[in-house]
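# Overview (structure and organization)
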Amino acid sequence: MTTSEASAGALAAAARLRIAVPSVADRVAAELRQQLADGVLLPGTRLTESVIAEELGVSRNTVREAFAELAAERLVVRHPNRGVFVASLGPGDIHDVYTVRRAIEVSALRGGGTPERVAAVRAAVEEGKAAAAADDEEALGTANQHFHRAIVALAGSRRLDTAMSQILAEMRLFFHKATVDAHFYRSYLDDNEQICAALEAGEPDRAADLLLAYLDRSEQKQSAVHGE
């Protein structure tokens, strides 16, 4: 092997490593994205670089890079002389988000999944039932997020999983307004059970049709809540 060939091989290996291993800023962005999806960070919350840097054990520059990534995804906004805040999504975002959800989630369901991935969907359903029995509405909302994450995971695609992480974070931001209804998430429990049961019965197309109807109703409800 020539020197130039060895050099080219090393560069290619380094490029693959950069793609395979997320940067520290990417990991910080992923953690904040998860906190958004879990409802830990609410719309309008001010995010402080120094506090997050200390909590996650990273530099402020790294947090700043993560903020830039989340701002590009419209999950946070930077106000000059005021700081960075969790975004408050408007009515115009709703249809766009649901369009993406139909494309990702329904397609993933139609493809079915391995027994292990189907079991993860069932686990999310049972998590929701347990939260409802405990009257824990926050945990119920998180279980609902886990259910939809598990549906996308049926496809076995890291790219789709990453895309869904952003969608789930956006969903939690405008679901927050709807949760003034204390039983908001309970309305989805029966739907989740029916979708999961159809999937377990080896009827992915029926499960996908149930999910499609579910998403249509959910969009209508969100549009009404946000006055679209």
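Residues numbered from 1 in each chain as written. Predicted model: local features only at pLDDT ≥ 70, side-chain atom pairs only at ≥ 80, totals over all residues. Heavy atoms only, no water.

### Here we look at the nonpolar core
Counting 57 residues, the largest nonpolar core has Leu47, Leu109, Phe174 and Leu211 as the members making the most contacts within it. With eight residues, helix H8 (residues 158-178) is the single largest residue contributor to this core. In this view, Leu47 contacts Leu41, Ile52, Phe67, Val76, Val84 and Val86; residues no more than four positions away in its chain are not counted. (Core = buried A, V, L, I, M, F, W, Y, C linked by side-chain atoms within 4.5 Å. Buried < 20%, exposed > 50% of the residue type's maximum accessible area, 1.4 Å probe, protein only. Helix = DSSP H or I, 4+ residues; strand = E, 2+ residues; numbered from the N terminus. Contact = heavy atoms within 4.5 Å.)

### A closer look at the sheet that holds strand S1 (residues 46-47)
Strands sit in the order S1-S3-S2 across an open sheet of three strands; the sheet is antiparallel. The outermost strands of the open sheet, each flanked by one partner alone, are S1 and strand S2 (76-79). Relative to strand S3 (residues 83-86), S1 runs antiparallel, the two sharing two bridges. Note on S3: the bridge partner recorded for Arg46 is Phe85. (Pairing = 2+ DSSP bridges.)

### Regarding the pairing of S3
Every regular strand shows the same layout, with side chains that alternate between the two sheet faces. Strand direction decides the pairing type here: S2 and S3, joined by four bridges, are antiparallel. Pairing of Val77 across the sheet is with Phe85, part of S3. If you look at the hairpin formed by S2 and S3, you'll find three residues sitting between the two strands, and Asn81 has a positive phi there, around 65°.

### So, the confidence of the model for the protein
The predicted model of the protein has a mean per-residue pLDDT of 84, with 85% of residues at 70 or higher. The low-confidence segment residues 12-21 (pLDDT under 50) makes zero contacts with residues lying over four places distant or belonging to another chain. (pLDDT = per-residue confidence, 0-100.)

### Examining the packing of aromatic side chains
Within this structure, the stated rule accounts for one aromatic pair. Between Tyr188 and Tyr214, the ring centres sit 5.2 Å apart and the planes meet at 45°, which makes this aromatic pair tilted. With a gap of 26 residues between them, Tyr188 in the loop between H8 and helix H9 (189-200) and Tyr214 in helix H10 (residues 204-225) connect regions that are remote in the sequence. Directly above the aromatic system of Tyr188 lies the positively charged group of Lys221, at a separation of 5.2 Å from the ring centroid. (Phe/Tyr/Trp six-rings, centres within 6.5 Å; stacked < 30°, edge-to-face > 60°. Lys NZ or Arg CZ within 6 Å of the ring centre and 35° of its normal.)

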